[in-house]
Amino acid sequence: MEAVLAKYENQINVFSEYLEDLPDTDEPVWILGECYNAKTEKTELLSDVHSRLWFTYRKKFSPIGGTGPSSDAGWGCMLRCGQMILAQALVCSQLGRAWRWKADAGQPEEYQRILQCFLDRKDSCYSIHQMAQMGVGEGKSVGEWYGPNTVAQVLKKLALFDDWNSLAVYVSMDNTVVIEDITTTCPLSQSQLLSDWRPLLLVIPLRMGINHINPVYIQALKECFKMPQSCGVLGGKPNLAYYFIGFVGEELIYLDPHTTQSALESEAGSGVDDLTYHCLRSPRRMKITNLDPSVALGFFCKSEEDFDGWCNLVQQEIQLKRNLRMFELVENHPSHWPPFVPPSKPDVQTTGAGIPGVTSVAEDKFIRVTATEINN
């Protein structure tokens, strides 16, 4: 009985406790581009939050690199947040933003395949193993804490080996998003015969102040969560990473990876016991003014029309209405920058992740070389 209770400790969900945690306010609650009334749309709001994939510290997985750590507790929180923002992009791509998870219902095959990509084993595309070792190419030792920009660079590189999702990951430079570079990054791919645009995860690393967030950026940050393309924000406090999914009033709403759970195994061809991958407890809130100024904004654009719509929103809500812009959106590649080279998968042998159509860099001894080869 104790084992059963421990397994489902995270799932003891009392709706009233969650609702009491939300302020009694008429102000709208924004979650990844969706707006809710906390008084009249409580069920829908809960369903949306519960449907987000939640990645936390894990223990008892196979040692990273064969001899490295078997738990990421204490150092992997930003990596877990990176997994969450990427998983949100994959869910939107494969299932749509309106999809909702239900604990007592069967899950679509696409959902199971997405979850398989993040299991804590070396041959899963976006596992803690892959991310930690790819970080070596970014100058990070396995077990070292990451910042938002570093984890974004790691995601960009790992996505090159995910043939099933064909996701393009663009990470901006110098607070500047270059439209020309993105249209070069998202061309027609052979695996997508019905589309001329690869799904895009756009990540914008920013520093919105020196030691604390500059209040002039707060309204612009809120506007980002209102955009239909919102995929969340990586950030938090010094050495404490959170995945921010929305806001209410002057508080940010986030998923917290600082819970240590045991790693799960999945037999080939079987589904994953996914209850521990959804946070059914009350989501945390923090005052926006307590946010560390170093963040990474995330946006998902499934189509070119989505991206054009995002550009229009940025111009209207971020650039035209703000005296101090959060970031720049420009049409052409700046002439004083080095030429833009779209990331491409190196011509090397890789090992499958145990999922049809998904390729990953599986060999621990090999990934260190790969990380250097595609570091551009």
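Just above, that's the structure.
Residues numbered from 1 in each chain as written. Predicted model: local features only at pLDDT ≥ 70, side-chain atom pairs only at ≥ 80, totals over all residues. Heavy atoms only, no water.

The next subject is the packing of helix H4 (residues 77-94) against helix H7 (residues 148-158). Close contact between H4 and H7 brings their axes to 10 Å; oriented N to C, the two are set at 50°. Taken together, the axes of H4 and H7 lie oblique to each other. Once H4 is placed against H7, the crossing between them reads as right-handed. For the pair H4 and H7, contact is made by Met 78, Leu 79, Gly 82, Ile 85 and Leu 86 and by Pro 148, Val 151 and Leu 155, respectively. Here the contact of H4 with H7 is built from residues that sort into seven nonpolar, one polar and no charged. (Axes fitted to C-alpha atoms, helices over the stretch in contact; angles between N-to-C directions. Helix = DSSP H or I, 4+ residues; strand = E, 2+ residues; numbered from the N terminus. Parallel < 35°, antiparallel > 145°, perpendicular 65-115°, else oblique. Left-handed = near helix turned anticlockwise from the far one by under 90°. Contact = heavy atoms within 4.5 Å. Nonpolar A, V, L, I, M, F, W, Y, C, P; charged D, E, K, R; others polar.)

A word on the environment of Ser 166. If you trace the backbone, Ser 166 turns up in the loop between H7 and strand S4 (168-171). For the pair Ser 166 and Ser 93, spaced 73 residues apart in the sequence, the C-alpha separation amounts to 9.9 Å.

Right, let's get into unusual backbone geometry. At Lys 60, a position not held by glycine, the phi torsion is positive, near 65°. Within the secondary structure, Lys 60 sits in the loop between strand S3 (57-59) and H4. Of note, the phi angle at Ser 166 is positive, near 50°, even though the residue is not glycine. Residue Ser 166 is classed as buried on the basis of its relative accessible area, which comes to 10%. (Buried < 20%, exposed > 50% of the residue type's maximum accessible area, 1.4 Å probe, protein only.)

Quick look at the packing of aromatic side chains now. Using the criterion set out here, one finds 13 aromatic pairs in the structure. Plain terms: the ring middles of Phe 225 and Phe 247 are 6.4 Å apart, the flat faces sit at 50° to each other, and that makes the pair tilted. Linking Phe 225 in helix H9 (residues 218-226) with Phe 247 in strand S8 (residues 240-248), this pair joins segments that are 22 residues apart in sequence. Take Phe 225: its relative accessible area is 1%, and that puts it in the buried class. Exposure remark for Phe 247: the relative accessible area of 6% places this residue in the buried category. Three or more aromatic residues joined by ring pairs make a cluster, and in this case those are Trp 197, Phe 299, Phe 307, Trp 310 and Phe 327. The ring of Tyr 277 has Arg 58 sitting right over it, with the charged end atom 4.4 Å from the ring centre. The ring centre of Trp 164 lies 4.1 Å from the NZ or CZ of Arg 113, which sits over that ring. (Phe/Tyr/Trp six-rings, centres within 6.5 Å; stacked < 30°, edge-to-face > 60°. Lys NZ or Arg CZ within 6 Å of the ring centre and 35° of its normal.)

Such coordinate-based values are descriptive only and should not be taken to indicate function.
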